[in-house]
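Descriptive structure summary
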Amino acid sequence: MQKLIIKIKYLHTKDYLVGLSLVLVLLCSGCKTKNTENKAVSESEIRKPNIIFLMTDDQRWDNMGAYGRPEFNTPNIDKLAAEGVTFDQAFYAVAICMPSRVTMMTGRYNSNHKVGFVAPEDYTLSQADFEKSYPALLKKAGYRTGFIGKVGFTVTDEATRPSTPDNHLYKQHMGSVFDLFCG
């Protein structure tokens, strides 16, 4: 079982995120807040949250200091957990990196997206399916998005076999969704 940590915090332009070993980063600034007092609010007065989605790979859920294990030196993740939101009941339906990453991006079970290593679930993710992923939906909603780290799956024009082709062409198939792409 892998842990999922999402940190939502209002950041000023002078704030910096330093020293984080990030596998997946999604920086966003674009959701609108609801004016509960029915007063006119200008666009410049609306504070838009930054969202950082951090997913670690190939570790047990309790292999972090934040979960009571001082023998693991994870100070940056521990700080994110202390200041942000942790989802202690989150789990992955598939304990293998590629299908679990696609599940996190699309919100679909492996039996539905069929991206994995072994037949019959050994397809790539189609461009049409990637365009329905949460980063693509956030981008369409006006968010600025970024990706840093291991992609771990391949996006192709159509879902094809095998899931690990010779050429991944990440930037070609995923670059339009991310303002910053370092995958």
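Residues numbered from 1 in each chain as written. Predicted model: local features only at pLDDT ≥ 70, side-chain atom pairs only at ≥ 80, totals over all residues. Heavy atoms only, no water.

Side note on the nonpolar core
Membership of the largest hydrophobic core comes to 15 residues, with the highest contact counts inside it found for Leu125, Phe130, Phe153, Met174 and Phe178. If near-sequence neighbours (up to four positions away) are discounted, phenylalanine 130 is found in contact with Leu125, Ala136, Val155, His173, Met174, Val177 and Phe178. If you look at the next biggest cluster of nonpolar residues, it comprises five residues, including Leu54, Met64, Ile77 and Leu80. (Core = buried A, V, L, I, M, F, W, Y, C linked by side-chain atoms within 4.5 Å. Buried < 20%, exposed > 50% of the residue type's maximum accessible area, 1.4 Å probe, protein only. Contact = heavy atoms within 4.5 Å.)

Quick look at the packing of aromatic side chains
Within the structure shown, the criterion is met by five aromatic pairs. Relative to phenylalanine 178, the ring of phenylalanine 147 lies with its centre 5.5 Å away and its plane at 55 degrees, an arrangement referred to as tilted. With a gap of 31 residues between them, phenylalanine 147 in strand β5 (residues 146-148) and phenylalanine 178 in the loop between α6 (170-174) and β7 (180-182) connect regions that are remote in the sequence. Exposure remark for phenylalanine 147: the relative accessible area of 2% places this residue in the buried category. Taking the relative accessible area as the measure of exposure, phenylalanine 178 reaches 5% and is therefore buried. (Phe/Tyr/Trp six-rings, centres within 6.5 Å; stacked < 30°, edge-to-face > 60°. Helix = DSSP H or I, 4+ residues; strand = E, 2+ residues; numbered from the N terminus.)

Some remarks on the confidence of the model for the protein
Scored by pLDDT, the protein comes out at a mean of 74, with 74% of its residues at no less than 70. Per-residue pLDDT stays below 50 along residues 1-36; that stretch engages in 124 contacts with residues further than four places along the chain or on separate chains. (pLDDT = per-residue confidence, 0-100.)

Some remarks on the pattern of salt bridges
Should their charged atoms come close, side chains of opposite charge can pair. Summed over all chains, the structure comprises seven salt bridges. Two residues, arginine 161 and aspartate 122, come together in a salt bridge whose shortest N-O distance is 2.5 Å. Taken together, the residues arginine 161 in the loop between β6 (155-156) and α6 and aspartate 122 in the loop between α3 (110-113) and β4 (125-126) connect sequence positions 39 residues apart. Assessed through its relative accessible area of 12%, aspartate 122 is described here as buried. (Salt bridge = Lys/Arg side-chain N within 4 Å of Asp/Glu carboxyl O.)

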